[in-house]
Each structure stands twice: as structure tokens, then as C-alpha cells.
Amino acid sequence: MGTALDIKIKRANKVYRCGEILSGVVVITSKDTVQHQGISLTMEGSVNLQLSAKSVGVFEAFYNSVKPIQIINSTIEMVKPGKLPSGKTEIPFEFPLHVKGNKVLYETYHGVFVNIQYTLRCDMRRSLLAKDLTKTCEFIVHSVSQKGKLTPSPVDFTITPETLQNVKERASLPKFLIRGHLSSTNCIITQPLTGELTVESAEAAVKSIELQLVRVETCGCAEGYARDATEIQNIQIADGDVCRGLPIPIYMVFPRLFTCPTLETTNFKVEFEVNIVVLLHDDHLITENFPLKLCRM
Amino acid sequence: MAAFPWHARSRNYVSESDVCKLESVPLDFGDYHPLKPITVTESKTKKMSRKGSTSSTSSSSSSSMMDPLSSVLDGTDPLSLFAAAADPLTTAASMDGVRKKRDKDDSSALGSDFEQWSSKRGEILARYTTTEKLSINLYMGSEKGKATTSGSAVSEKVRTRLEELDDLEEGSQKELLNLTQQDYMNRIEELNQSLKDAWSSDQKVKALKIVIQCSKLLSDTTVIQFYPSKFVLITDILDTFGKLVYERILSMCMDNRVSLSDNFSPETVNDTAKETCLNWFFKIASIRELIPRFYVEAAILKCNKFLSKTGISECLPRLTSVIRGIGDPLVAVYARAYLCRVGMEVAPQLKESLNKNFFDFLLTFKQIHGDTVQNQLVVQCVEIPLYLTLYSPAIDWILQCIAYRAPEILLTEMMERCKKLGNNALLLNSIMSAFRAEFIAARSMDFIGMIKECDESGFPKHLLFRSLGLNLALADPPENDHLQILNEAWKVITKLKNPQDYINCAEVWVEYTCRHFTKREVNTVLADVIKHMTPDRAFEDAYPQLQSIIQKVITYINDFSLLFSVEKFLPFLDMFQKESVRVEVCKCIMESFIKHQQESTKDPVILNALLHICKTMHDSVNALTLEDEKRLLAALINGFIKMVSFGRDFEQQLSFYVEARSMFCNLEPVLVQLIHSVNQLAMETRKVMRGNHSRKTAAFVRACVAFCFITIPSLSSIFTRLNLYLHSGQVALANQCLSQADAFFKAAVSLVPEVPKMISIDGKMRPSDAFLLEFLCNFFSTLLVVPDHPEQGVLFLVRGLLNVIQDYTWEDNSDDKVRIYTNVLHLLSAMTQETYIYHVDKVDSNDTLYGGDSKFLAEISKLCETVIAQILDHLKTLGKEETLKRQSQLALYFFNTILAHGDLRNNKLNQLSVNLWNLAQKHGFADTKTMVRRTYCREICYDFL
């Protein structure tokens, strides 16, 4: 084995906020002494936008991928060209997380059309004979907690054949009555989405009840904008023909990385919605949609 | 070589004994003595209410000196400690103390009185079985990836197609159809193993996938009668997983190799461990399907301890309500049982969620009779009563968790709630099996009322009575209700048509009857059982239950005269018509008899019955019976024979033995016992008559002797025969039956040539010479006092024996013959004494008969000469290189004999002994130490003489 390069971030969960200092060590392990032309560390943060084929067409999507928006980019020279002793060398580093100008440190988010990612990259340049060594490591940025108290916005809902939209043959629908409520559609991202749902009556047997978490990503560009909704996760809360009249808990943990506080900028938007999907035994699919507003407290 | 005449040293045994014997000092009871047996001391168990623990103080058996062993053990030897621990009274007392303390500070740990899941496991697996084909459908697709990364950019169809391809690549979708139950269990065990393998090879994701797939199997209710067993198997895997995750995170918490204490607080957990733990929870929270998500989260419930103090107490109620989403009532109730089980393990102090689980179950109870369930049952051809019994293990478990150390009020409340639900039998049954027996017993009449009221459809009633009976076997109902309870219960039981149902119930209720009632009621119950089980030979299918009834009856009725006066007891035994079972039952009865019968008996009822039982056992012996089995049966019969005594009616006793002999002729140990018993009887007679037999007793004793004489030849073991001949001969001699004694000895002598060279001991072939040597020495000692027969020559028996020894084919390279000859010299020297060293009372030995007659002495001397010549001959043949060592040893042995018994004043003998000494020394084989020691002892004796 030759030389190995590794970045260790001090915090186990790798989560940092704007204004904090990102610290850690670069670890170089080698059996022999290492000759190098300098080691540098780069911190990068950018928003990658991808236009979906559905909204702009395949070719355009391919060619017209929007240029990434850079949020943060800074490099420091850690070690001047020279030699490192054999064995394990640890070089500590500290990066203050500050942005220039009026840019904002958005939260880390991995979506389909929008990706917000922060990385640390360590480069060791070497002589012509040996390859340069690179190691990248993602770290996670959480936005600073919003001040003030979140006002809960509970929602009660009732689903019956009559409340449904875009039904083809309303007559063929079995009768049912489902009541429920969500504790709040304004959600703190670290807290689960909660609520209750009661199947008061249903002529057909219930097969399954699911919560579908959906992201709605909007990318703006010169020609207008593209808006796409995709599923993040699907959580079953009832399996089989549940007892009538017994409240079933609605409970969903927001997955990390794939969700972030609802984001609205000039170039792109990331929003979330939840669908309550009731699947009846005769393959009737009933969906009720609720837009959510996520924030970090 | 000249013959060496033998000159025996004349001995005065009385004075020798006076000089040589040690001064005896009487030993006081308390004195220390190294040979004194270790006694198990009853140690008093002191109850220390403050600590609630038991500590033992010992009253040491040796007071004068500290016993080094017991001092190490803090005063009490281990046996005494066991004795103290086994003492039910003290245990109960200390338990009480512990319980009181628990109640006070509401300790969180589970006590040992909580019946663990592991004990239920086997029972469920054994009970819920199926012959139908099962299937496992494992879909190892990446659950997480599918849920999160798939976008609508690709159409739905393409997406699923791609996923399928992915999965095929992983080779992970498996559908195994047509599995038998055993195959199924093996598969599950394989999965358990692959989980462990995956974990140890650091494939955590694969491990999680396996667990998810396994728990998914729990949502499948096809082959519903197997579901409880499936639950047991799969939750085993979940338990394994939970343990692995917990231990992994715990090991991450190790700072500087110091592991966390058991009651760590979340603050002491480092960030890495917390992060890992959180990752697990996030991962599990994103599992799509409800049932796997619930089970996996419940499995790692304990890991909440790493994150926050209140984690578990928040999680339990949430998981409890999550179960409401499970539509199938059977799946849901087992999910509840699992949650209760994990909850009890992790946080037994959190009782609320247990109760909530049960109440939620009650709320969904009506589902059981709903359309969805009914349709399912029709498809699977399962009837409602069978279906309902599938619920029992889960409900029992939930109720048991709730009832554990629960206050009376709570139990009453639970009962009321169940009553409100139309007095459902299923619930009633579970209440009876889960709640404390005392609680149930105190309300037995109420319960009987409820059982009668509840609806016939569904849960079988006999199961309810069975459960009630089980409780009453453990705890006593109020005194006044005893009879009424039995009457009410039996009224229903006796009406049961199906013999299996009937016997299952009756088996349980017999115990209650035996506990609280007299033989009359027991008799009635037994009669009823006989009546029900006889038609169509129903008893053939119910042997285990019938056997258990017998066992219960004999545990409660220890008095055998009472037991056999229960008229229906023996007819009951007649129902055991399969021989193996019959013998088992007989064995049980005999074991109980031997254990409980304190004094010997002559009660004709007992004797008849037990003889009959023993005869049954004996008759079961055939050529295929195992050796151990025979030994066991013989031991039981012997135990019985020993307990029979007709007191002073010796003739009756003898005739009993005669009868026993005819009955148990196939079991040798029994015959041996009978011979010993008869010999003992003869000696007993002698004792009663103080040695002077009347004509009548003499005849009786001769009858005893005759009994032995004709019984011994029927034995097969040659050494048993030899020893019994000798022993019986001694008894005959003691009873002045001289000609009979002669006959015994003659028989023994003529038997010696038949002794084989090898005999089988414990299944191994061993050379017999050591046994023969021992027997012959013993025989010689007896022959000293046997008087010569007037019609036979002098020392007829000794000569006869010597001839036999001469002709016996000894092992080629053994010196046993010479050793025996040397011992014969001891005998012959003793015979030349004026007064023999011992006598048999009232029997004149040769010393009196011949009065030191010179002809007699000459006869002996001639014999001695022959014997010595033989010995010397043999010594000569040992002159070869390889036998020199043996020569040396034998020479020394002979030398010692001369020293001890010969008269060294005789020159020739003196010379012989010197020669022997030299011979022993000659080739350097003599071990100087032994030589010195042996000779030295002798010389000291010489100084005295």
C-alpha cells in the first residue's frame, strides 16, 4: 500500500451551521516518507439544478443543465511542498463557515432535480512520477434555527366518495367515511409528522393506508420554470382491514438529507407535501394531499 | 530335595490380643476425629429484613477444632447450604422479604417468579403444528433505495422493471414453496444463522434486510394454524438482531476499555455511538411496510437508552398505538404480545402500555367475528374453535405481563372489562391461565358461573374448566366452597362426549379432588373416569393423561393401605393395557411406596396389590429388556420385599418368600435378595431362641436352609453362587445344621472348578483370579471352624478344596495358586492350635473334637509338607531371567508366612526361612524399603514372644 489520505471531521454527525467553525484533521498514512508538492484543502458548497425531461424535453434537459450555483468556495494551503515522515501524520484544520456577500448557506439537500451539497476536498500534489492524491468528504449544513415560535396549523379532514375530485364513475365507488387530523402542517423538520386517522366506515375492505412524502422541486430558468413532484418515501400506517372506529396514528419521521426546510429562492424552490393514500380491496385508490411547510427550530 | 516338615508356632490368641491391641479410648460426641463422617448440618437461615438477603450461620459439627474446609466456606459446608436453600419454609420466608422490599421501592427488575418467555416457547412450538405446505417469500430488494431515489423521471413500468433486474442481480428474491413444517423451521434457522454471519462480516445492511424480510413473514396468515409457531421462530431472529445492535452500540461506548455500567445515563454515551444509534432509528423509520417497521423497531427498543432517558417510555405507547393499524386481529394480537415481551424485558416498570395494549385488544375484539376473518377461515377450512385457540398464547402472555405483581384492584378491573364483552370464553380462559392462582381460586364460584353463562359457540368449554382446574391445583378456594366447586365442575365434565376432551379435564380435576377430599370422592372420580374411558377402548389414546392421574393420586395418598382401599384404584390400573405404559405406572407406584412407606407392613391388601404390581413389572422382562431396566425393576421389587414383615410369624414370612420366589424367578437380584432375607430370617429365629433351638424352630430353620439350598443353583453368576453358598453355609452352621452346612460347602467346593478365567463386569471382560483368590481366603477362614464329618476322612473339606485348587487350570504365568497354598499354610497352622482363634456358638470345632490328638496333628503336618513341597517346586520353576522378580516376591511372601506362623526354633524351618530371605534378595529385585518394613514388624512381635 502506498500513501493513504483521509479527512476526519470532528463532529460525529458532520453537521455544522453558518458561522460555526468546521474543524477536523487530515490524516496521512504511509510506510515510507512522502515527497509532495504541497497539500491543500478546499471547501465547496453548491446548488446543482437539473431540468427534468418531462418539463423541457429530453435534448434540452441534456444540454441545458443549468450551471451550478456556487455558495461557498475557499482553499487553504495546509502544507508547503516538502516531505512527510513515514507513519501516520495528522494535520488539524479549521474553516470558518462564512459566506461572502448576500449569499445564503442553504441546508444540505439531496433531491432529484435540486441538489445542495457541501464537500471538503483535500489534494496532495506530487511529482510527475506519482499520482496526485485526492480525498473528498461531504459535510452537512443545517440552516440556523428560525427565531420565533412556530404556530401549529392543525388540519382536520374527512374523506368520503363525495369529497373526491377527478373520479370517473362516482357511482361505482363503495361507500366509506374516513376522518382524521394532522397535528400541524407546519412541521419542525426534526420532529415527526403526527396525527390520527379513523376509518369510521367502509363498504369495501381496506387493504392498506399509506403516507406518501413528496417533494416538489421548481427550477427557474430563462425560458420559464419546471416544477416536478416526486416521492421521497412511502410509509404504511395500516395493513389489512383495520378495525372501524379505532383511531390509527399518523406518524412519519422526516428522512435526513432528503428533506430540508422549505426553500424558496429566486432560482429554485423546494417544497414538500404529504399524501394520505387509502387502498381498498377492490383496488380503489383514494388520495388526499396536504402541503407541508418544513422549518428548523 | 528333602521335604520340609512344618512346625507351627503355638499361639495363645487371648494374651496376644491383649498385648497387641491398642488401648481404646472412648470418644465423646463432640470430640474431633479425622475419620468422623462429615455431617450435613441444618443451618439456620436468618432473615435480615434490612438487606432482604439470606445469610447462613452454621452450627459446626466439630466444636473443639476448626474444620479447615468449613472455615474456608465461611462456616457452612456446601451441602448444608444446599440443605438450607432447599428448605421451602425459609425460602418462602426470604422470598416474602424480597417481595415486601420490592413493593416498597417499586424495583424495576423482574423477579425470578416471572415466568419467562423461553419457557413458553417450546410449548407453543409443540402445540401449534401443521401438516400443510408452507412457503417463504423473501424479497431482498433494496427497500431503502427504492423508496428514496426513484423519481418519476422514469415511468412506473420502467422503474419496476429496473428494480427487478437489480434484484435478480443480487440473486435475492426467493420464493420457497411447498415446505413442510420441518423444512420451514430449518429455513428460518438458516436465516438466523445468515443474519449472524452477515453481522459478523460487517454487512449491517444485509443483516437489516434479512430481519425486515423475516418480520414481513409475520404478516402472512396462510396456514393460520401454524402462525403461533411462526411467531416464535421469527421473534427469535428479531431478538438476536436486537441483541446484536445493542451490543454493537454498547461496544462503541467503551472509552479507554472501560465499558459502561448497566445503568448508564445517555450523557455518558459518546457522539459516535449516538450517531450510529440514530442512524439505525432513521433507517428503520423509513421501512415502507407497517409490520416489519413495527417489529424491527420493537426489537431494538432497548437502544433508546443510548439516546435519552425517556426514550423507551415515549416509544412504548407510540408503538402500542401503531399496532392499531394492523388489520388482521391475529397478527395484531401477536404484535402486542411481542411488544409486551420486549417491554417487560427492557422496562418492566412501565405498566401503562401493557394495560393499553390489552384494552386496545378488547376494542378490536369484535373483528374476530367480522367478515374479513370469517372469509379467511372459510378459505383455509379452519373452524372457529380452533381459530380461537390460536389467540391463547398471545393473550395469555399479555395478561401474564399485566398480572405480574399487579394489585388486586387492577385484576378485578380487568375481569370486569372482559365480562362486559359478552363474557367471552377466550378471554376468560386467558385470564385464568395468566392471573395468580390465588386470585382465581378465591373467586372460583364466580368463575364457574361465568363459564356456564358464556356462549357455546367458539371457544370450547372444557378448556375453560381445565384452566380453572389448573388454578385450583395451585391454590385453595375458600373452605366452604370446596364441595360445591367439585360438584359444579364435575357435572359439566362428566357430560363431555369426546373422550380426549373429557380426560384432559378430568386429569386436572383429579388433583383438586385428591387435595381436598377423602377417598370416597377420589373413588367416585376414578369410577367416572373408568366409565368414560372404557367404551371403545378410549383409554388407548389417553395413556399419558391416565398416567398423570395415577401420579397425582399417589402423590396425595401416601398411605398405601388407604390407597388400596380405594375400590376403583386397581380397576383403574387395569385400563393400562399397553405393557410399556403399564410397567411405567407400576414403577411409579413402587417408587412412591418405597419412598413413603416408613415401617414394614403385613397388611394383606397392600401385599396382594403390590405383589400383583410387582408381578406385572417382573413379567415385562424378556430377552430384549435392557440390563439397566432389569436392575431398576429388581431394585423396586427388592425394596418392596424388604418392607414386608409379619413380625414374629416367621413361618408366614417364609411362605411369603417362597411365593415371591415363584413369582420373581426371572430377576436374579430379587432371588439374591430373597436368599439373604431367608438367611436373615433364620438368624432372627436363632436370636429369638437365644441360640437354643426347640424341635419346632430347628425344623423351621432347616426349612430356611433348604430354601436357600435349592434357590442358589438357579442363579447364573458364579461368584454370586459361591458367595451365597458360603454365606448360607455359615448361617446353617450358626444354626447347628451341620450336615446342611457341609452340603453347602461341598457344593461350593465342587463349583470352584467351574469358575471361568474371565468374567464380565459392567459389560467388560475382566480376569476372575482376584475374585477367586478373595473368595478362597474367605472360604478357608470359615473352614477352620467347620467340624469334620464323622463318616468322612480327617479334614475332608480342606482336602477336597486343595484337590480342586490343584486341578484348576490356572493362568499360565500367575502365582495365584502358590499364594493360595501359602494361605492354606495359615489355615493349617491355625488348626494345630490347642484352642482356635474363633468358634461358632454351640458348635464343637475340630479343636474340641480331636482334643489335639497326635494322629490329627500328624495328618495336618503331612498336608503341610505337601503344600510346602508344591510351593518350593513352583519357586524353582521361576528361576528364569524374566520371572526373577516374581520369584523374589513369592519368596518374600512365603518367608513372611513362616515368620508369622512357623516355629523358628525348628532348625530346618529356620534354615528354610534364611534361604528364602536370600532368594528374595538375590537378584536385586527386592525393594529394600518394603523388605525392611515387613521384617521389622515381625521382629518386634518376636521380641514380645
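Note that the structure is a prediction, hence the values are computed from the model and not measured.

Trainee: Any chance you could break down the overall build of chain A for me, citing the residues and the numbers?
Mentor: When you go through chain A residue by residue, the secondary structure sums to 2 helices and 21 strands. Each of the 297 residues in chain A was classed as buried or not, and the buried ones make up 48%. Taking the contacts inside chain A whose residues are at least 6 apart along the sequence as the reference set, 71% of them involve residues at least 24 apart. Carbon and sulfur atoms make up 52% of the accessible area of chain A, which totals about 14900 Å².

Trainee: Run through the sheet that holds strand β3 (residues 21-30) of chain A, naming residues and quoting values.
Mentor: All names here are of chain A. The strand order β1-β3-β8 describes an open sheet built from 3 strands, whose pairing is antiparallel. This sheet does not close on itself; its edge strands, each paired only once, are β1 (4-9) and β8 (87-96). For this sheet, the mean angle separating the axes of adjacent strands, direction not counted, is 20 degrees. Pairing of β3 with β8, which is carried by 10 bridges, proceeds in the antiparallel orientation. Residue V25 lies in a different strand from β8, and its bridge partner there is P92.

Trainee: Now, about the nonpolar core: what can you tell me, with residues and values included?
Mentor: By size, the foremost hydrophobic cluster in this structure holds 298 residues, and its most contacted members are B:F358, B:W509, B:V529, B:L546, B:F569 and B:F640. For this core, the element with the highest residue contribution is helix α10 (residues 227-252) of chain B, accounting for 13 residues. Contacts of B:F358, omitting those with residues within four sequence positions, involve B:I395, B:I398, B:L399, B:I402, B:M414, B:C418 and B:L427. Formed by 80 residues, the second largest nonpolar core is a distinct cluster that contains A:M78, A:F176, A:L182 and A:I189.

Trainee: Before we move on, could you go through the packing of aromatic side chains and cite the residues and values that matter?
Mentor: Tallied over the full model, the rule gives 41 aromatic pairs over all chains. Seen in terms of ring centroids, B:W490 and B:Y502 are 6.4 Å apart; in terms of plane orientation they differ by 80 degrees. Their pairing is edge-to-face. Placement of the pair is B:W490 in helix α25 (residues 482-493) and B:Y502 in helix α26 (residues 499-516), with a sequence separation of 12 residues. According to the relative accessible area criterion, B:W490 is buried, its value standing at 12%. B:Y502 sits in the buried class, given a relative accessible area of 0%. With centroids separated by 5.7 Å and ring planes inclined at 50 degrees, the aromatic side chains of B:F719 and B:F771 adopt a geometry described as tilted. One end of the pair, B:F719, is in helix α37 (residues 718-734); the other, B:F771, is in helix α39 (residues 769-783), with 52 residues separating them in the sequence. For B:F771, a relative accessible area of 35% puts it in the partly exposed group. Here the guanidinium or amino end of B:R318 rests over the ring plane of A:Y251, the centre of that ring lying 4.1 Å away.

Trainee: So what's going on with α25(B)? Which residues, and what values?
Mentor: Counted at 1.5 Å a residue, the expected span for α25(B) with its 12 residues is 16 Å, and the 16 Å between its end C-alpha atoms agrees. Buried residues of α25(B): B:H482, B:I485, B:L486, B:E488, B:A489, B:W490 and B:I493, and no others.

Trainee: Give a detailed account of the interface of chain A and chain B, specifying residues and quantitative values.
Mentor: Listed as interface residues are 30 residues of chain A and, on the opposing side, 34 residues of chain B. A buried area of about 2600 Å², summed over both sides, lies between chain A and chain B, and 55% of it is on carbon and sulfur atoms. If you sort the residues of chain A by the area they bury against chain B, A:Q236, A:L246 and A:R256 come out on top, with a joint share of 21%. At the boundary of chain A with chain B, the tally comes to 2 salt bridges. Residue B:E275 pairs with A:R256 through a salt bridge whose shortest N-O separation is 3.2 Å. At the junction of chain A with chain B, the criterion picks out 12 residue pairs in polar contact (both at pLDDT 80 or more). Those elements giving two or more residues to the side of chain A that touches chain B turn out to be β16 (206-221), β17 (224-239) and β18 (248-252) of chain A. In terms of residue count, β17(A) provides more of the side of chain A that touches chain B than any other element does, 11 residues in total. Along the lines of polarity and charge, the residues of the side of chain A that touches chain B split into 16 nonpolar, 6 polar and 8 charged.

Trainee: So what's going on with unusual backbone geometry? Which residues, and what values?
Mentor: Backbone geometry at A:L257 places phi at a positive 65 degrees, although glycine is not the residue there. Here A:L257 falls in the partly exposed class, since its relative accessible area comes to 32%. A positive phi angle, near 60 degrees, is found at B:Q736, a position not held by glycine. Locating B:Q736 in the fold gives a position in the loop between α37 and α38 (738-751). Using a relative accessible area of 29% as the deciding quantity, one classes B:Q736 as partly exposed.

Reading the values: rules and limits
Residues numbered from 1 in each chain as written. Chains lettered and ligands numbered in written order. Predicted model: local features only at pLDDT ≥ 70, side-chain atom pairs only at ≥ 80, totals over all residues. Heavy atoms only, no water. Helix = DSSP H or I, 4+ residues; strand = E, 2+ residues; numbered from the N terminus. Buried < 20%, exposed > 50% of the residue type's maximum accessible area, 1.4 Å probe, protein only. Contact = heavy atoms within 4.5 Å. Areas by Shrake-Rupley, 256 points an atom, 1.4 Å probe, with all protein chains shown as cover. Pairing = 2+ DSSP bridges. Axes fitted to C-alpha atoms, helices over the stretch in contact; angles between N-to-C directions. Core = buried A, V, L, I, M, F, W, Y, C linked by side-chain atoms within 4.5 Å. Phe/Tyr/Trp six-rings, centres within 6.5 Å; stacked < 30°, edge-to-face > 60°. Lys NZ or Arg CZ within 6 Å of the ring centre and 35° of its normal. Expected span 1.5 Å × (residues − 1). Buried area = accessible area lost by both parts, 1.4 Å probe. Salt bridge = Lys/Arg side-chain N within 4 Å of Asp/Glu carboxyl O. Polar contact = N/O pair within 3.5 Å; in protein donor to acceptor, adjacent residues only side chain to side chain. Nonpolar A, V, L, I, M, F, W, Y, C, P; charged D, E, K, R; others polar.

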